[in-house]
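A closer look at the structure
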Amino acid sequence: MSRILAFAGSNSSTSINYKLVQFTTSLIKEHEVDLINMVNYNFPVFSEDLEREKGYSDLLKGLKDKIVQANALIISVNEHNSNPSAYFKNVLDWLSRVDRNFLADTKILLMSCSGGRRGA
């Protein structure tokens, strides 16, 4: 049995990408799934000064540990103006500073949904 971590790359309480992840994980029956809501993961905008002054929060280290312990990830990334959201990019920036190889050997299902004409 594989351990799958699933989340949306959005911190919106009304995220359609989170709803997509919820639906997708509801279809998985033979694996352990940990669905997290990124609304509960609030990180400041990455800054080398902030990193130097305050280091890494326990919340960030906990998220990194969940990712590293998972055999696979399911991520639905929202888009803003045809790009991944600033929130998701910021999360990746922080995570890569804690452990540059935090995604090494991890299988990833990357998906997206959008109501816009040019979105996912």
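Scroll up to find the structure.
An account of the accompanying structure is given in this report. (Residues numbered from 1 in each chain as written. Predicted model: local features only at pLDDT ≥ 70, side-chain atom pairs only at ≥ 80, totals over all residues. Heavy atoms only, no water.)

1. Side note on unusual backbone geometry
- The phi angle at S82 is positive, at roughly 70°, despite the residue not being glycine.
- In this structure, S82 sits in the loop between β4 (79-80) and β5 (83-84).
- The exposure class assigned to S82 is partly exposed, which follows from its relative accessible area of 43%.
- Of note, the phi angle at D105 is positive, near 60°, even though the residue is not glycine. (Helix = DSSP H or I, 4+ residues; strand = E, 2+ residues; numbered from the N terminus. Buried < 20%, exposed > 50% of the residue type's maximum accessible area, 1.4 Å probe, protein only.)

2. Concerning empty space enclosed by the protein
- Under the definition given, this model contains 1 cavity of 30 Å³ or more.
- For the largest cavity, the calculated volume is near 50 Å³.
- Lining the largest cavity are F7, I67, L73, I75, F88, V91, L92, L95, F102 and L103.
- Contributing elements (two or more residues each) for the lining of the largest cavity: β3 (72-76) and α4 (86-98). (1 Å grid on protein atoms, 1.4 Å probe; cavity = no way out; pocket = protein on both sides within 12 Å on 5 of 7 lines; lining within 4 Å. Points joined across faces, edges and corners; volume = space filled by probe spheres on them.)

3. As for the nonpolar core
- Counting 19 residues, the largest nonpolar core has M38, F43 and L63 as the members making the most contacts within it.
- Counting only elements with at least two residues in this core, the list comes to β1 (3-8), α3 (58-69), β3 and α4.
- Among the elements that line this core, the one with the most residues is α4, at 5 residues.
- Ignoring anything within four residues of it in the chain, the contact list for L63 reads I36, M38, Y41, F43, V91 and L95.
- Counting 6 residues, the second-largest nonpolar core is a separate cluster that includes A6, V21, A72 and I74. (Core = buried A, V, L, I, M, F, W, Y, C linked by side-chain atoms within 4.5 Å. Contact = heavy atoms within 4.5 Å.)

4. Re α4
- Helix length check: α4 (13 residues) gives 19 Å between terminal C-alpha atoms against 18 Å at 1.5 Å per residue, within 8%.
- All buried positions along α4 are accounted for by Y87, F88, N90, V91, W94 and L95. Each buried residue of α4 sits inside an arc of 160° when the element is viewed along its axis, so together they form one side.
- The secondary structure elements touched by the buried residues of α4 are β1, α2 (48-54), α3, β3 and β5. (Expected span 1.5 Å × (residues − 1). Arc of directions from axis to C-beta.)

5. Considerations on helix α1 (residues 16-26)
- Taken as a whole, α1 has its buried residues at N17, Y18, V21, T24 and T25. For α1, the angular spread of buried residues about the axis comes to 120°, placing them on one side. Residues of α1 that are exposed and point more than 90 degrees away from the buried face comprise K19 and F23.
- Those residues of α1 that are buried are in contact with β1, β2 (32-35), β3 and β6 (107-111).

6. Observations concerning the packing of aromatic side chains
- Scanning the entire structure with this criterion turns up 3 aromatic pairs.
- Here Y41 and F43 contribute two aromatic rings whose centre-to-centre distance is 6.4 Å and whose plane-to-plane angle is 45°, an arrangement assigned as tilted. Comparing Y41 with F43, the two get one shared label, buried.
- Here the aromatic rings of Y56 and W94 are separated by 6.4 Å at their centres, their planes lie at 90°, and the arrangement is edge-to-face. A residue pair is termed long-range when its members are at least 10 positions apart, and Y56 in the loop between α2 and α3 and W94 in helix α4 qualify at 38 residues.
- Among the residues examined, Y56 registers a relative accessible area of 27% and is labelled partly exposed.
- Each residue in the set F46, Y56 and W94 is aromatic and connected to the rest through ring pairs, giving one cluster. (Phe/Tyr/Trp six-rings, centres within 6.5 Å; stacked < 30°, edge-to-face > 60°.)

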